[in-house]
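Residues per chain, in single letters:
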Amino acid sequence: MSTPATPPRSLAEALRTRDDASLAALLRGRPDLITPVPTDLTQLATRAGTRASVVRALERLDRFTLQTAEALAVAADPAPYDELLGLMAGDARDPAVVNALPRAVAALREQALVWGADDRLRLVRTARELLAPSPQHPSPTGLGPTVAEATAGMSPGRIQEIVTTAGLPSTHDPVSAVASLTKLFTARRRMKALLAGAPAESLEVLTRLVWGPPYGQVTADPAAHLRWLIDRGLLLPTAPGTVVLPREVALHLRAGRAHRATEPVAPPVEARATHRPQVVDEAAAGQAYTALATVEELLKDWDEGGPAVLRAGGLSVRDLKRTAVALDVAEPVAAFWVELAYAAGLLASDGEADERYAATPAYDEWLEQPPAQRWARLAETWLTATRTSGLVGGRDAKERTLSALGPGLDRSAAPEVRHRVLGLLAALPEGTSPSAESVLARLRWERPLRGPGGAQRGAQEGTQGDDDLRSRLARWTLNEAEMLGVTGRGALSGQGRALLGTRGAAIAPAADPATPSSGPGDKLPVHHHRPPAAPEPLSPAEQAVASAAAARLLTPLLPEPLDHVLLQADLTAVAPGPLNRPLADMLDVLADVESKGGATVYRFTPGSVRRALDAGRSASDLHDFLTAHSRTPVPQPLAYLIDDVARRHGHLRIGAASAYVRCDDDAVLSEILADKRSAGLRLRRLAPTVLAAQADPAALLDGLRAMGFAPAAESADGDVVITRAHSHRTPPRTAPDPVPDGPPTPDTTLLSAAIRAIRAGDRASTTPLKPSSAPPGELPRTTPAETLATMQAAVLTGGTLWIGYVNAEGSASQRVIAPIRVEGGFVTAYDHTADEVRTYPLHRVTGVAELAEDGEG
């Protein structure tokens, strides 16, 4: 789009000069601007200048672009490009800054934070208010007020005294005196001569104030070296006992620079180690297998009902410790696996009166999927989840402890940080693991810690010191990606790259200071100057494709499940690798896991064998099972154990009266009655083969088993009750939705429609009307007869009209239409506002106005 003949006078006029690609870049970078879609460009500009939107936009700038905005906030308004360049590059004109500055200015223009030509750069008013220095909110540059601002409340006589003492001729009014003093402070040679006569102690005071804060305290009778500075205006009073270093003086002492150190180039991500890609993929695959096994073990442990839900929601500290012990991991790691399973929809609360956590029906569906697909679901969930397990054990704003599965763990920035960290890893050569500190340094450059609103947001997030939330999220991301198998040995794996999709690897390199960049006079579209930025997250459909690709890459790397174990004479079985599901499920019932690792060791005990018998297996079933799945003969001790437990299993029967015990062998019942350990069960003989107890059946079962017997539960019909594991499930539950970090990024279709609507609305609001039309800003008002006649005339002439329209909900709007047909109380027209043909009832049209021809109005 060609440059207009006259410079824009407002942000709205500047937006009107943009092409559709530039507007799309603005709306994509600031999606809050189209929620809802503005009616025209004036409303878009107004919304872009609101405080909430500007703060959000500033927080998403990289360090150098933010430094550029901070420099503009202390420059003249408007500021020529050369003044901004001087503030950023200093008198020495740092070449790296010179080359990077056009890109930063273009980025600020694209985000509608800066508008105007290069000779009249304007920072939007709200951004200037946020970034400009004031006594209450010091500028990030460390600069103070200008001479004019600092002397605003000073008496004219005092100003004249300062001018005279500084060696300047007196003037007739304070305005010219301030201008003369400002001119002195901005003249490098004259300032150098003035400071050459300053006492050494005075120069030391200036050195302490030059980089900020610029305010200092003085007594009612300042020392001579301070009086020397105050008399010449090098320090100006702002309040009783307080002086400030004027901005012009500070810039002279800084050699023109607004910042002590500018950072035009993003810090590189440094390599910590390099491995063969195959080694990385295999290590990551091993971690992926461990992740699947851990989640399965967690949910298997909770299959029959897990820990109780706290009244405030979440797991208790004691239950988290128990879970960590069961998984043989640290408590923070246990919290991660619990939260991941919850986010994936594999566990939830059952909603009962005695509410407990348990596996969901989705867990059973997940178990039926191939291992690689199960891993892809976990990895995809982790990548997009906003629940942050690293916060567990910390405290919220009200000093309440944050618990696993409890409220307050959502952090909307988490998905973006995870994508960005993995994107940085994807930009490295394959097999390269980065230095964690260099990753954090890069993220701090991309989102500066001291951005506007950063302190407030940090307080809300519970951050402390310099270790802000984004840095902690990045550290957690590196650790969690390794546990999950997205990375291996610190480097991004092949399946991890696939999980990110093609956008994840398309990371723009940082600007090279040695490469010449477009100068301020270049007329390239502003969206060509975009600085390096994080890739946009994939859409759900794209993420599904990426997850499927990651699963395909992982499949050949996972170990094949085995169908056998090695039985040993010490009543143990060794699984030399992962077992197929039927074998693993049966072993979990028949034996107890003794140790894990490369090989899992199971131990057979009387209790574990009884558990299998309680589940409905017979002794012959167990013998056949072990014979079929052992590569070694069944050891005699194990066979004896099974037969011995089976012989006694069910010999005693327990049912509900209150509870009773029956046995065909009355000698066994006599033995129980004689045993002192049975006293707590309060047994008494009802018949030679029946004992009654004043305890419930479950307590009676546990008590007799503790005494060494193997009783079986009995139903009301006298049948043995078969207890089966994995029986408790919650009702169908949906996985928790991530908490969005503001409005989602609009897709191409939405952007195109929004831009068409904004353009059409702007045309309706800015197109000149004939003199007889409605007053500016109001809907046209005409009688029904006039409306009908004007519509019919426009159909014949092919003219375009401006109408006011009230819909069925009573909302009024203005539209630009080209009528095609008028009949039956309706007008069919091409609606320029909606960019489509529509039909409107004539009784809802408030009035019609003709648009002025070129040169009219």
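Residues numbered from 1 in each chain as written. Predicted model: local features only at pLDDT ≥ 70, side-chain atom pairs only at ≥ 80, totals over all residues. Heavy atoms only, no water.

Visitor: Before we move on, could you go through the sheet that holds strand E13 (residues 572-575) and cite the residues and values that matter?
Guide: Strand order across the open sheet formed by four strands is E12-E13-E15-E14, with antiparallel pairing between neighbours. The open sheet has two edge strands, strand E12 (566-568) and strand E14 (592-595), and neither has a second partner. Shown here is a sheet whose adjacent strand axes are inclined to one another by a mean of 30°, direction ignored. The pairing of E12 with E13 spans three bridges and is antiparallel. When the sheet's bridge partners are listed, Leu567 is paired in E13 with Ala573. (Pairing = 2+ DSSP bridges. Helix = DSSP H or I, 4+ residues; strand = E, 2+ residues; numbered from the N terminus. Axes fitted to C-alpha atoms, helices over the stretch in contact; angles between N-to-C directions.)

Visitor: So what's going on with the pattern of salt bridges? Residues and values would help.
Guide: A full pass over the atoms with the stated rule returns 34 salt bridges. Residues Glu446 and Arg442 are paired through a salt bridge, measuring 3.2 Å at the closest nitrogen-oxygen approach. In this pair, Glu446 and Arg442 both sit in helix H22 (residues 436-446), four residues apart, roughly one turn of the helix. Classification of Glu446 by relative accessible area gives buried; the value is 7%. Exposure remark for Arg442: the relative accessible area of 7% places this residue in the buried category. Here Arg611 makes a salt bridge to Asp592, at a shortest N to O gap of 2.9 Å. With a gap of 19 residues between them, Arg611 in helix H28 (residues 606-614) and Asp592 in strand E14 connect regions that are remote in the sequence. Of the residues examined, Asp592 reaches a relative accessible area of 31% and is grouped as partly exposed. Within this structure, Arg158, Glu161, Arg227 and Asp231 form a network of salt bridges that share partners. (Salt bridge = Lys/Arg side-chain N within 4 Å of Asp/Glu carboxyl O. Buried < 20%, exposed > 50% of the residue type's maximum accessible area, 1.4 Å probe, protein only.)

Visitor: Could you give an account of the nonpolar core, naming the residues involved and the relevant values?
Guide: Counting 90 residues, the largest nonpolar core has Phe185, Leu234 and Leu235 as its most contacted members. Not counting the four nearest positions on each side in its chain, Leu234 is found in contact with Phe185, Met191, Leu194, Leu195, Leu206, Trp228, Leu229, Val244, Leu245, Pro246 and Val249. Listed in part, the 69 residues of the second largest apolar core include Phe336, Trp366, Leu367 and Ala372. (Core = buried A, V, L, I, M, F, W, Y, C linked by side-chain atoms within 4.5 Å. Contact = heavy atoms within 4.5 Å.)

Visitor: Account for the sheet that holds strand E24 (residues 836-841), with residues named and values stated.
Guide: Pairing between the strands of a sheet comes from backbone hydrogen bonds, and it takes one of two forms, parallel or antiparallel. Reading across the sheet, the five strands line up as E24-E23-E22-E21-E25 and stay open at both edges, with antiparallel pairing between neighbours. Two strands lie at the open edges of the sheet, namely E24 and strand E25 (845-850), each paired on one side alone. Neighbour-to-neighbour, the strand axes of this sheet turn through a mean angle of 45°, independent of strand direction. Relative to strand E22 (residues 812-823), strand E21 (residues 801-806) runs antiparallel, the two sharing six bridges. Pairing of Leu801 across the sheet is with Ile817, part of E22.

Visitor: Lay out the confidence of the model for the protein chain with the relevant residues and their values.
Guide: Note: predicted coordinates in regions of low pLDDT should not be interpreted at a detailed level. Residues with a pLDDT of 70 or more make up 88% of the protein chain, whose mean pLDDT is 84. A low-confidence stretch, residues 450-467 stays under pLDDT 50, and its non-local contacts, those more than four residues away or across chains, total 21 contacts. Note on residues 503-534: pLDDT under 50 across the span, and 56 contacts to partners over four residues away in sequence or across chains. (pLDDT = per-residue confidence, 0-100.)

Visitor: Give a description of helix H24 (residues 469-484) that names residues and reports values.
Guide: Think of an α-helix as turning once every 3.6 residues; residues three or four places apart then point the same way. With 16 residues, H24 should cover 22 Å at 1.5 Å per step; its first-to-last C-alpha distance of 21 Å lies within 8% of that length. For H24, the full list of buried residues reads Leu469, Arg470, Ser471, Arg472, Leu473, Ala474, Trp476, Thr477, Leu478, Glu480, Ala481 and Leu484. (Expected span 1.5 Å × (residues − 1).)

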